[in-house]
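Examining the three-dimensional arrangement
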Amino acid sequence: MNMSPSHMPTHMESGTVYVLDDDAAIRTALDSLLRSLGLRVLAFARVADFLARDVSVESPGPTCLVLDVRLPDINGLDLLHAASRTGTQPLPPTIVITGHGDIPMSVRAMKAGAVEFLAKPFREADLLRAINEALVRDRAEHQAREEIAALRTRYASLTRREHEVLHAVVEGLLNKQIAAQLGMSEPTVKQHRAQVMRKMEASTLAALVRSMERLMRGTEGISAGASGTNSVQPRD
């Protein structure tokens, strides 16, 4: 694999690239290429070794996987499909490579969530573009997960009364309507509403609504009502 400097990507996202390929020559070539661009590389010949890696000692930051299809223990596409189907051991954004590719195989890979499907021999430029896209995607997904986790923490800090007021506010009810619905005075509603805004770190009603929309999209089990069946429970 050769590529002149003029074909190098203008910018490569930093991060870790896992290479899962039973061909030692491919592993060595990719290790050399990616390290020359400042990327951290961890290469494996078998799926079992990749899954058994000690993630606790790995560097933080975005990651991606360059995954060969034909592996000695598990077919790469089977691994990708199992990860996307069960979600119990998700893979980082994945680029599938193979020396025996066809259109049905590429379709299967993309349906399983692959960032790219490359047939060997592939151009280094194509691989680097795919790796960069995968690392950018993983960084964005990690940031989104952190933001959702922060929203969950803020949501969980609300009392049950604040929880009820929050959902009434998001539904567009006025203070006097909330007071009538919840059986409290309008000044009390205003106090709870102020607490909700402070705890949810929302400076405006629009910001509060956007936060709740993100929380609803990003967290399973959060109910729009105040039934008490939510996966994130407010404090008593």
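Residues numbered from 1 in each chain as written. Predicted model: local features only at pLDDT ≥ 70, side-chain atom pairs only at ≥ 80, totals over all residues. Heavy atoms only, no water.

**What to know about unusual backbone geometry**
Omega for the bond connecting Lys120 with Pro121 falls within 30 degrees of zero, at -5 degrees, which places this linkage in the cis form. Inspection of the secondary structure puts Pro121 in the loop between β5 (116–119) and α5 (124–156). Of note in this structure, Glu201 is not a glycine but carries a positive phi near 55 degrees. Turning to its location among the elements, Glu201 is positioned in the loop between α8 (186–199) and α9 (205–218). By relative accessible area, which is 58% here, Glu201 ends up exposed. (Helix = DSSP H or I, 4+ residues; strand = E, 2+ residues; numbered from the N terminus. Buried < 20%, exposed > 50% of the residue type's maximum accessible area, 1.4 Å probe, protein only.)

**A few points about the environment of Arg27**
Mapped onto the fold, Arg27 is located in helix α1 (residues 24–36). Separated by 14 residues in the primary sequence, Arg27 and Val41 have C-alpha atoms spaced 9.7 Å apart. Beyond its immediate chain neighbours, meaning those up to four positions away, Arg27 contacts Val19, Asp21, Asp22, Ala43, Phe44 and Ala45. (Contact = heavy atoms within 4.5 Å.)

**Focus on the sheet that holds strand β3 (residues 63–68)**
Two pairing modes exist for strands in a sheet, parallel and antiparallel, and in both the strands are linked by backbone hydrogen bonds. The strand order β2-β1-β3-β4-β5 describes an open sheet built from five strands, whose pairing is parallel. Of all strands in the sheet, those bounded by a partner on one side alone are β2 (40–44) and β5. Between one strand axis and the next, the sheet turns through 20 degrees on average, direction left out of account. The strands that α1 touches are β1 (16–20), β2 and β3; relative to β2, the one it contacts most, it runs at about 170 degrees. Lying on the sheet, α5 is in contact with β1, β3, β4 (94–98) and β5; it crosses β3 at an angle near 135 degrees. (Pairing = 2+ DSSP bridges. Axes fitted to C-alpha atoms, helices over the stretch in contact; angles between N-to-C directions.)

**With respect to the packing of aromatic side chains**
To describe a pair of aromatic rings, one takes the distance between the centres and the angle between the planes. As enumerated under the stated definition, the model contains two aromatic pairs in all. Centroid distance Tyr18 to Phe50: 5.4 Å. Interplanar angle 70 degrees. Geometry classified as edge-to-face. Of this pair, Tyr18 sits in strand β1 while Phe50 sits in helix α2 (residues 47–51), and the two are 32 residues apart along the sequence. Considered together, Tyr18 and Phe50 belong to a single accessibility category, that of buried residues. Ring centres of Phe44 and Phe50 lie 5.7 Å apart, and the angle between their planes is 70 degrees; this geometry places the pair in the edge-to-face category. The buried category is assigned to Phe44, whose relative accessible area is 14%. When its relative accessible area of 1% is taken as the criterion, Phe50 is described as buried. Linked through ring pairs, Tyr18, Phe44 and Phe50 together constitute an aromatic cluster. Over the aromatic face of Phe50 sits the side chain of Arg53, whose NZ or CZ is 4.1 Å from the ring centroid. (Phe/Tyr/Trp six-rings, centres within 6.5 Å; stacked < 30°, edge-to-face > 60°. Lys NZ or Arg CZ within 6 Å of the ring centre and 35° of its normal.)

**Quick word on the pairing of β2**
By the bridge criterion, five bridges tie β1 to β2 in an arrangement that is parallel. Paired with Thr16 across the bridge in β2 is Arg40. For the segment spanning β1, α1 and β2, crossover handedness is right-handed. (Right-handed = clockwise from strand over helix to strand, strands pointing away.)

**Some points on the side chain of Glu13**
Structurally, Glu13 is set in the segment before β1. Given a relative accessible area of 13%, Glu13 falls into the buried group. Among residues more than four places away in sequence, those in contact with Glu13 are Leu39, Pro62, Asn132, Leu135, Val136 and Arg139.

**Details of the environment of Ala207**
Its place among the elements puts Ala207 in helix α9. Separated by 10 residues in sequence, Ala207 and Met197 place their C-alpha atoms 9.3 Å apart.

**Details of the pattern of salt bridges**
One side chain can pair with another of opposite charge once the charged atoms of both are near each other. Under the definition given, this model contains 12 salt bridges. Here Lys120 makes a salt bridge to Asp68, at a shortest N to O gap of 3.6 Å. Here Lys120 is found in the loop between β5 and α5, whereas its partner Asp68 is found in strand β3, with 52 residues between them in sequence. A salt bridge links Lys199 to Glu162, with the shortest nitrogen-to-oxygen separation between them at 2.9 Å. Of the two residues, Lys199 is situated in helix α8 and Glu162 in helix α6 (residues 160–170); the sequence distance between them amounts to 37 residues. For the pair shown, Lys199 and Glu162 are each scored as buried. (Salt bridge = Lys/Arg side-chain N within 4 Å of Asp/Glu carboxyl O.)

Just geometry here; none of it tells us what the structure is for.
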